[in-house]
Amino acid sequence: MTTLAFYKLPSYNDEKLELVLFALEDLRKSLKKQGSNLIIRFGNAENVIKELVLEVKAANVFAEVEVEYHLQEIIHVVEETLVRMPSFDRSPEIVLWQTPFYDIKNLKDFPASYDEFEKLQLAVTSPLLPSRLPSAEMELDWGLLPTLDNLKKFVNESPSKLNESWALLKEMSSETILQEQLSKSGKVSLNNSNFKHTKRKRLDKSVFVTQKQNVVGGGTNSVLNALAAYLRYLEGTARDHWQEVHEKLRTAEIRDGASFFALFGPALCLGIISRRRVYYESIKYKKERNAGFLSPFGYSTATVSASADTVCSMEWYWLLLLKSQLSDGGAYPIRIWRWNGYLIQYTVVGNRGPAVLLVHGFGAFLEHFRDNISSISNDGNRVWAVTVLGFGKSEKPNVVYTELMWAELVRDFIIEVVGEPVHLMGNSIGGYFVALVAYFWPALAQSVVLINSAGDIIPAYTSPQFTKVRATSGATWLGARLLLFYLRLGLGGIVKNCYPTKTERVDDWLINEMLRAALTHTKSYDPGVLVVLESIFSFNLSLALNYLLEGFEGKVLIIQGMKDPITDSKSKVAMLKEHCPGVVIRELDAGHCPHDEKPEEVNSIISQWILTIESRVLSQACL
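About the cut-offs
- Numbering of residues starts from 1 in every chain and runs along the sequence as written.
- Local features in this predicted model are restricted to residues whose pLDDT is 70 or higher, and side-chain atom pairs enter the listing and the counts only when it is 80 or higher, whereas totals over whole chains, interfaces and linings include all residues.
- Here the side-chain values reflect all heavy atoms present in the structure, with hydrogen atoms and water set aside.
- In this text, helices come from DSSP runs of H or I with a minimum length of four residues, and strands from runs of E with a minimum of two, each type numbered from the N-terminal end.
- Three labels apply to residues, based on accessible area from a 1.4 Å probe with only protein chains included: buried if under 20% of the type maximum, exposed if over 50%, partly exposed otherwise in between.
- Contacts between residues were defined by any pair of non-hydrogen atoms, one from each residue, lying within 4.5 Å.
- We get accessible surface area from the Shrake-Rupley algorithm with a probe of 1.4 Å; when it comes to residues, only the shown protein chains can shield them.
- Given the number of residues in a helix, its expected span is that number minus one, multiplied by 1.5 Å.
- The predictor's confidence in any single residue is recorded as pLDDT, a number from 0 to 100.
- Pairs were defined over the aromatic rings of Phe, Tyr and Trp, the Trp ring being its six-membered one, requiring ring centres within 6.5 Å. Orientation was assigned from the angle between planes: stacked under 30 degrees, edge-to-face over 60, tilted for the rest.
- For a Lys NZ or an Arg CZ to count as sitting over a ring, it must be within 6 Å of the ring centre and within 35 degrees of the ring normal.
- Any two strands with at least two DSSP bridges between them are considered paired.
- Lines fitted to C-alpha atoms define the axes here, with helix axes fitted over just the stretch in contact, and angles between the N-to-C directions of these axes take values from 0 to 180 degrees.
- One side-chain nitrogen of Lys or Arg within 4 Å of one carboxyl oxygen of Asp or Glu is enough to make a salt bridge.
- Definition of a polar contact: a pair of N or O atoms within 3.5 Å, with one able to donate and the other able to accept a hydrogen when the atoms are protein atoms, and with sequence-neighbouring residues admitted only if both atoms are side-chain atoms.
- We call a set of buried residues a nonpolar core when its members are Ala, Val, Leu, Ile, Met, Phe, Trp, Tyr or Cys and they connect through side-chain atoms within 4.5 Å of each other.

Explain the overall build of the protein chain here, please?
When helices and strands are counted, the protein chain shows 22 helices and twelve strands. Burial status across the protein chain gives 53% buried among its 623 residues. Taking the contacts inside the protein chain whose residues are at least 6 apart along the sequence as the reference set, 75% of them involve residues at least 24 apart. Entry remark: accessible area of the protein chain is about 28,900 Å², with carbon and sulfur atoms responsible for 52%.

Can you walk me through helix α1 (residues 14-33) in this structure?
Side chains that are three or four residues apart share a direction in an α-helix, a result of its 3.6 residues per turn. Spanning 20 residues, α1 covers 29 Å between terminal C-alpha atoms, matching the ideal 28 Å at 1.5 Å per step. All of the buried residues in α1 are Glu15, Lys16, Leu17, Glu18, Leu19, Val20, Leu21, Ala23, Leu24, Arg28 and Leu31.

Explain the confidence of the model for the protein chain here, please?
Should pLDDT be low for a region, the predicted coordinates there are not to be read in detail. Chain-level pLDDT for the protein chain is 84 on average; 84% of the residues reach the 70-or-more range. Every residue in residues 1-8 is under pLDDT 50, and counting partners more than four places away or in other chains gives 37 contacts. Here residues 192-198 is a poorly scored stretch, pLDDT under 50, and it has 15 contacts once near neighbours within four places are set aside; other chains count.

How should I be thinking about the packing of aromatic side chains in this particular structure?
Two aromatic rings are characterised by how far apart their centres lie and by the angle between their planes. In total, this model carries 22 aromatic pairs according to the counting rule given. Here Trp337 and Phe413 contribute two aromatic rings whose centre-to-centre distance is 5.3 Å and whose plane-to-plane angle is 75 degrees, an arrangement assigned as edge-to-face. Of this pair, Trp337 sits in strand β5 (residues 335-339) while Phe413 is found in helix α14 (residues 403-418), placing the two residues 76 residues apart along the sequence. For the ring pair Tyr346 and Phe413, a centre distance of 5.2 Å and an interplane angle of 75 degrees mean the geometry is edge-to-face. In this pair, Tyr346 sits in strand β6 (residues 342-349) while Phe413 sits in helix α14, placing the two residues 67 residues apart along the sequence. For the pair formed by Tyr346 and Phe413, the shared burial category is buried. An aromatic cluster of three or more residues is present, and its members are Phe101, Tyr102, Phe110, Phe117, Tyr279, Trp316 and Tyr317. Above the ring of Tyr69, the side-chain terminus of Arg335 is found at 3.8 Å from the ring centroid. Its end group placed over the ring of Trp441, Arg411 keeps NZ or CZ at 4.9 Å from the ring centre.

I tried to follow the sheet that holds strand β7 (residues 355-359) on my own but got confused; where do I start?
Strand-to-strand pairing in sheets goes through backbone hydrogen bonds, with the strands running parallel or antiparallel. Reading across the sheet, the eight strands line up as β5-β6-β8-β7-β9-β10-β11-β12 and stay open at both edges, with mixed pairing between neighbours. The sheet is open, and its two borders are formed by β5 and β12 (584-588), each paired with just one other strand. Pairwise comparison of adjacent strand axes, ignoring direction, gives a mean angle of 20 degrees for this sheet. Where β7 meets strand β9 (residues 422-427), four bridges bridge the pair, whose relative direction is parallel. Among the inter-strand pairings, Leu358 is bridged to a residue of β9, identified as Met425. Its contacts with the sheet place helix α12 (residues 301-326) against β5 and β6, and it is angled at close to 150 degrees to β5.

I tried to follow the pattern of salt bridges on my own but got confused; where do I start?
Opposite charge on two side chains permits them to pair, given that their charged atoms come into close proximity. Applying the stated criterion across every chain yields a total of 17 salt bridges. Taking the shortest distance from any N to any O, the salt bridge between Arg382 and Glu420 comes out at 2.9 Å. In this pair, Arg382 is assigned in strand β8 (residues 382-387) and Glu420 in the loop between α14 and β9, connecting sequence segments 38 residues apart. Measuring nitrogen to oxygen at the nearest pair gives 2.8 Å for the salt bridge that ties Arg411 to Asp412. Residue classification places Arg411 among the buried residues on the basis of a relative accessible area of 4%. One continuous salt-bridge network, built from bridges that share partners, spans Arg370, Asp371, Arg505, Asp507 and Asp596.

I keep staring at the side chain of Arg255 and nothing clicks. Help me out?
Topologically, Arg255 is positioned in the loop between α9 (240-252) and α10 (259-269). Side chain to side chain, Arg255 and Asn398 meet in a polar contact 2.8 Å long.

Quick question: what am I supposed to make of the environment of Met425 here?
On the secondary structure map, Met425 appears in strand β9. Taking C-alpha positions, Met425 is 9.9 Å from Ser453, a pair spaced 28 residues apart along the chain. For Met425, the contacting residues outside a window of four places in its chain are Val356, Leu357, Leu358, Val359, Val434, Val449, Ile606 and Ile610.

Sorry if this is basic, but what is going on with the nonpolar core here?
Nonpolar side chains in soluble globular proteins generally cluster together in the buried interior. Ranked by size, the top nonpolar core spans 138 residues in total, and within it Leu357 and Leu389 carry the most contacts. Those residues within four positions of Leu389 in sequence are excluded, and the remaining contacts are Trp339, Tyr342, Ile344, Ser394, Glu395, Pro397, Val399, Tyr401, Met405, Trp406 and Leu409. Counting residues in each nonpolar core, the second largest holds 19 residues, with Ile49, Ala63, Val78 and Ile94 among its members.

Next comes the structure, spelled out in structure tokens:
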């Protein structure tokens, strides 16, 4: 007997709900073949499971080990509910389980460096055989399979549902807003070749089951069939549904190997197919094509490598972040949020006061705010800090990284995790991200604090000049690898130049963490940090900073380290004063990262700024 309780996750859009329903239908059929069944209930997990435990007199409730904070909280609430149940001599026990990808005995010994991890040469465990289940002879109300309308109605009535205005903000992509701006100004439409979709009538046996028809779904067998087609991409086929997979693959291949997660990511995240099964099928096919032994010259080496390396990377980050949940010695709790299928690290400190969000710069991570988070919180604020995709211990997937993508990540973090407007603060490129958020979705920003922000001041800038085409040229490929080599050789000296007044702040911990992130993944189909570095050479910061800050007069604070080796601070401050009316500027005797070089001074400025803005908002509300 298998039980499923529906609960609302903010990231479950209509397409994800469609995928869930197709998977449920397949699961019920599979269980019935074994004489069992699937119980379906709507409601809070703790209430549904409590009722079922009482009905079947269960002694144990099994739950998979989770790394995401929201899912961990659900398990915790269920456990507390079961402990309070008065009807049993012994409360039912929550039993956590997992099926290991690698044979790792103790996560405490799990290396934080990917290079060190590779040296272990751990074998991938084989998939488990299908379980033999006892027949379900109980007289139970098994529940009907819901329709999509049923499920959407339940989600819309859920207390945790996003309010309508915020849900609409998530649907307003930066590209759409820019498109509207370009149309108003009579400019040419955005040229975005990465988002062209080939329309084709859906086939009867199609594995693209949702209305959008852009990701693989259905049941496990359906996904395995699509995987077989994906792996055999170079073989050619007369099967229409395999041809459809090949066509979608070409559309989704925005980078070498990126098509695998684009097509199969949702099925992996929903558990329709496991990472271990993908690896097993990929290696099995590769062996078959190479007469029983592994070779780098397989017939479909490209797609085999893409699938195997992607799931290995996913498992690596999952274990790395799971280990972070076991650590007790940190200055603040580490939490995990899943965004678009990827695992993102964040923290929050404080339980009262205005909401503050800190966004780090290029090459950094949330811990770069090591001496800011608690201090700003102690001044009466709730402080969030997030490590954005591609940095630190957040995932570094094989995707095209753009400033608009990072801005949308910050937007979704505010909506899904924080849940209210925030004081947005960013350093370096993180400053540019928060400026983009404030421009595209101003309802999310109480104020903006830019700390040595990236972005140019362009006089007389009146309309967006922007293209989102990001092709990886030979120059970007070579530049990323030369930059990585340069960083590995001289990172300490580079970072110390950014801390001209307190070089002692560039300690071993900071350098080691930056190096650890810079050494993570460099394989061809799982390039990790290399693909992030390539984005440096294709960044399009052509939306002027003064343009982005229009309409925020009186709500923008500029903290500028005047000894910044990266930027001509004197010229930038002069341009800000001339072309950004209403901004408040604080000049500091510091370099590119004043928040970490002189944290006490910056924390005091920020706390006073928040107090000023909040007092102004309160006085306006009383009018």
